[in-house]
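Descriptive analysis of the structure
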There are 2 protein chains.
Amino acid sequence: MTAKPKLTKNQSVVLKALTRAKKPLTAYEILDLATVRTQGLKAPLTIYRALDRLRDEGLVHRIESLNAFLACCEKAGHTEPVGFVICDNCRKSVELRLSDCETHLGASAEAAGFQVGEIRVEMTGLCPACVKAAARQG
Amino acid sequence: MTAKPKLTKNQSVVLKALTRAKKPLTAYEILDLATVRTQGLKAPLTIYRALDRLRDEGLVHRIESLNAFLACCEKAGHTEPVGFVICDNCRKSVELRLSDCETHLGASAEAAGFQVGEIRVEMTGLCPACVKAAARQG
DNA sequence: TCTATACCATTATATCATTACATCATGCGA
DNA sequence: TCGCATGATGTAATGATATAATGGTATAGA
């Protein structure tokens with residue numbers, strides 16, 4: 001087991017904010033939250049530093065296509081590759097296991113001579129709630 | 001057959017620049033190229049507009065994790081989902097067929113109740129040349 | 001106490017992208 | 001031909017995201 005040193009106050013504040021949001025937030029959105037402001041966090045860099053640490057721990061993931069950050073669905077965090085599916089309408093996002101696709105994807109990259117590091121998968125579409133809403137609109 | 005109206009001068013200049021670069025460039029990097037500047041393109045917006053059109057035509061892809069743009073490997077362009085593998089060291093990038101992975105990925109998302117639109121896959125690692133270079137370093 | 005380390009604060013700046021609005025060229029119907 | 005709609009373009013300003021540079025504070029251990 002790797003030792004998981006306890007999070008600092010700033011890191012906890014940011015993680016709690018993301019967990020409560022249940023959707024991806026940009027660093028500046030986090031900064032604007034009352035719960036974050038009242039804890040004394042007031043510069044972008046403070047947020048980014050906390051996010052860096054949380055990402056190292058696997059507790060937060062970055063969504064590249066939104067420039068935003070999402071709390072990991074697992075309390076303990078993880079660094080295995082995962083995918084995300086993001087609602088175009090409400091931005092609700094869900095973390096998905098890649099169900100072995102990462103193996104195939106990695107193999108394609110290796111076939112091209114690359115040594116593969118990270119694999120990121122992001123899908124966009126409509127979440128269940130927004131699908132229903134769209135159906136009602138006709 | 002869909003009619004493919006001819007590209008405008010700005011669009012051609014940008015596409016040619018990306019094709020010659022053989023790697024992803026940001027909009028501002030494109031803007032700084034002599035070949036682009038001498039054609040009279042001098043504002044970011046001009047570049048972004050050309051890129052929008054080229055992306056609609058499937059002639060250029062956007063790499064989300066770099067905020068950069070890459071010319072499509074096929075002359076005619078396409079809009080099918082593809083993946084990219086990007087060298088962490090030199091930024092050389094290659095477009096990859098997803099070899100049916102997109103079907104599985106889409107299925108996972110649909111299992112979560114999402115209606116899937118776009119699928120984006122980006123991998124990072126080392127390109128063949130940089131792997132060799134790293135090996136020589138020991 | 002001294003020093004090393006980790007964490008954090010502040011300001012400024014770099015980087016990426018869009019909004020707002022004016023202009024120009026082209027094509028098309030009256 | 002004239003008037004007008006349309007779309008591409010130009011310019012300036014701004015918004016949004018992220019990092020650099022510098023230094024302060026707290027704590028732990030020699």
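Everything numeric in this text was worked out from a predicted model, so none of it was measured.

**Let's talk about the overall build of chain A**
Across its full length, chain A holds six helices and five strands. Across chain A, helices and strands are ordered from the amino to the carboxyl terminus as α-α-α-α-β-β-β-β-α-β-α. The principal-axis extent of the C-alpha atoms belonging to chain A is close to 50 × 50 × 25 Å. Counting only residues that meet the buried cut, chain A has 43% of its 138 residues in that class. Considering only residue pairs separated by 6 or more positions, chain A has 46% of its internal contacts joining residues 24 or more positions apart. As displayed, chain A offers around 7700 Å² of accessible surface, 53% of which is attributable to carbon and sulfur atoms. Computed over 20 positive and 15 negative side-chain charges, the separation of the two mean positions in chain A equals 12 Å.

**Some details on helix 5 (residues 101-111) of chain B**
Buried within helix 5 of chain B we find B:C101, B:L105, B:G106, B:S108 and B:A109. Along the axis of helix 5 of chain B, the buried positions cluster into a sector of 155°, meaning they face one direction only. Opposite the packed face of helix 5 of chain B, turned more than 90 degrees from it, sit the exposed residues B:T103, B:E110 and B:A111. Buried positions along helix 5 of chain B lie against strand 3 (83-87), strand 4 (93-96), helix 5 (101-111) and strand 5 (115-126) of chain A together with strand 5 (115-126) of chain B. Positive phi shows up at B:G113, right after helix 5 of chain B, with a value of about 90°.

**Things to note about unusual backbone geometry**
For A:K22, which is not glycine, the phi torsion reads 60° and is therefore positive. Mapped onto the secondary structure, A:K22 falls in the loop between helix 1 (9-21) and helix 2 (27-32).

**With respect to the domain arrangement of chain A**
Residue and element names in this part refer to chain A. Entries for chain A in the domain assignment read domain 1 (1-75) and domain 2 (80-138). Placing a centre on the C-alpha atoms of domain 1 and another on those of domain 2 gives a separation of 21 Å. Taken together, the 15 residues of domain 1 in the interface contact 11 residues of domain 2. Buried surface at the junction of domain 1 and domain 2, both sides included, amounts to about 1100 Å², of which 52% is carbon and sulfur. When the buried surface of domain 1 facing domain 2 is broken down by residue, H61, I63 and E64 rank first, second and third, together holding 32% of it.

**Remarks on the relation of the copies chain B and chain A**
Mapping chain B onto chain A calls for a rotation angle of 180° and an axial translation of 0.1 Å; the resulting RMSD is 0.1 Å. Given the turn and translation reported, the copies of this chain are related as if by a two-fold rotation axis. The rotation axis passes nearest to the C-alpha of B:V121 in chain B, at a distance of 2.3 Å. Mapped onto chain A, 100% of the interface residues of chain B again fall at the interface, so both copies present the same surface.

**Remarks on a nonpolar patch on the surface**
Residue and element names in this part refer to chain A. On the surface, a nonpolar cluster with roughly 310 Å² of combined accessible area is contributed by Y28, L45 and Y48. You can see L45 is positioned in helix 4 (residues 44-56). When its relative accessible area of 48% is taken as the criterion, L45 is described as partly exposed.

**Describing the protein's contact with DNA strand C**
The environment of DNA strand C is formed by 15 residues, the closest being A:T8, A:K42, A:R49, B:Y28 and B:R62. Protein-proximal atoms of DNA strand C, defined as those within 4 Å of the protein, fall in sugar or phosphate at a share of 55%. Take A:T46: an N or O atom from its side chain is 3.3 Å from a phosphate oxygen of DNA strand C. B:R62 is positioned with one of its side-chain polar atoms (N or O) 2.4 Å from a phosphate oxygen of DNA strand C. For the surface near DNA strand C, the secondary structure elements donating two or more residues are helix 4 of chain A together with helix 4 (44-56) of chain B. The element contributing the most residues to the surface near DNA strand C is helix 4 of chain A, with four residues. Taken together, the residues that form the surface near DNA strand C break down as five nonpolar, six polar and four charged.

**Description of the nonpolar core**
Counting residues in hydrophobic clusters, the biggest one holds 26 residues, and the most contacted among them are A:L105, A:V121, A:M123, B:L105, B:V121 and B:M123. Taken together, the elements giving at least two residues each to this core come down to strand 3, helix 5 and strand 5 of chain A together with strand 3 (83-87), helix 5 and strand 5 of chain B. Those residues in contact with B:V121 that lie beyond four places of it in its chain are A:L105, A:R120, A:V121, B:V82, B:G83, B:F84, B:L98 and B:L105.

**So, the protein's contact with DNA strand D**
Lining the immediate environment of DNA strand D, one finds 14 residues, of which A:Y28, A:R62, B:T8, B:K42 and B:R49 sit closest. Backbone atoms, meaning sugar and phosphate, form 46% of the atoms of DNA strand D found within 4 Å of the protein. Between DNA strand D and A:N67 there is a distance of 3.5 Å, counted from a phosphate oxygen to a side-chain nitrogen or oxygen. Ranked by residues supplied to the surface near DNA strand D, first place goes to helix 4 of chain B with three residues. Considered class by class, the residues forming the surface near DNA strand D number five nonpolar, six polar and three charged.

Criteria and thresholds
Residues numbered from 1 in each chain as written. Chains lettered and ligands numbered in written order. Predicted model: local features only at pLDDT ≥ 70, side-chain atom pairs only at ≥ 80, totals over all residues. Heavy atoms only, no water. Helix = DSSP H or I, 4+ residues; strand = E, 2+ residues; numbered from the N terminus. Buried < 20%, exposed > 50% of the residue type's maximum accessible area, 1.4 Å probe, protein only. Contact = heavy atoms within 4.5 Å. Areas by Shrake-Rupley, 256 points an atom, 1.4 Å probe, with all protein chains shown as cover. Lys, Arg positive; Asp, Glu negative; His and termini not counted. Charge placed at Lys NZ, Arg CZ, Asp CG, Glu CD. Arc of directions from axis to C-beta. Domains from an automatic or database assignment. Buried area = accessible area lost by both parts, 1.4 Å probe. Least-squares fit on C-alpha atoms with pLDDT ≥ 70 in both. Patch = residues over 30% accessible without salt bridge, like charges linked within 9 Å, V, L, I, M, F, W, Y side chains within 5 Å. Salt bridge = Lys/Arg side-chain N within 4 Å of Asp/Glu carboxyl O. Near = heavy atom within 4 Å. Polar contact = N/O pair within 3.5 Å; in protein donor to acceptor, adjacent residues only side chain to side chain. Nonpolar A, V, L, I, M, F, W, Y, C, P; charged D, E, K, R; others polar. Core = buried A, V, L, I, M, F, W, Y, C linked by side-chain atoms within 4.5 Å.

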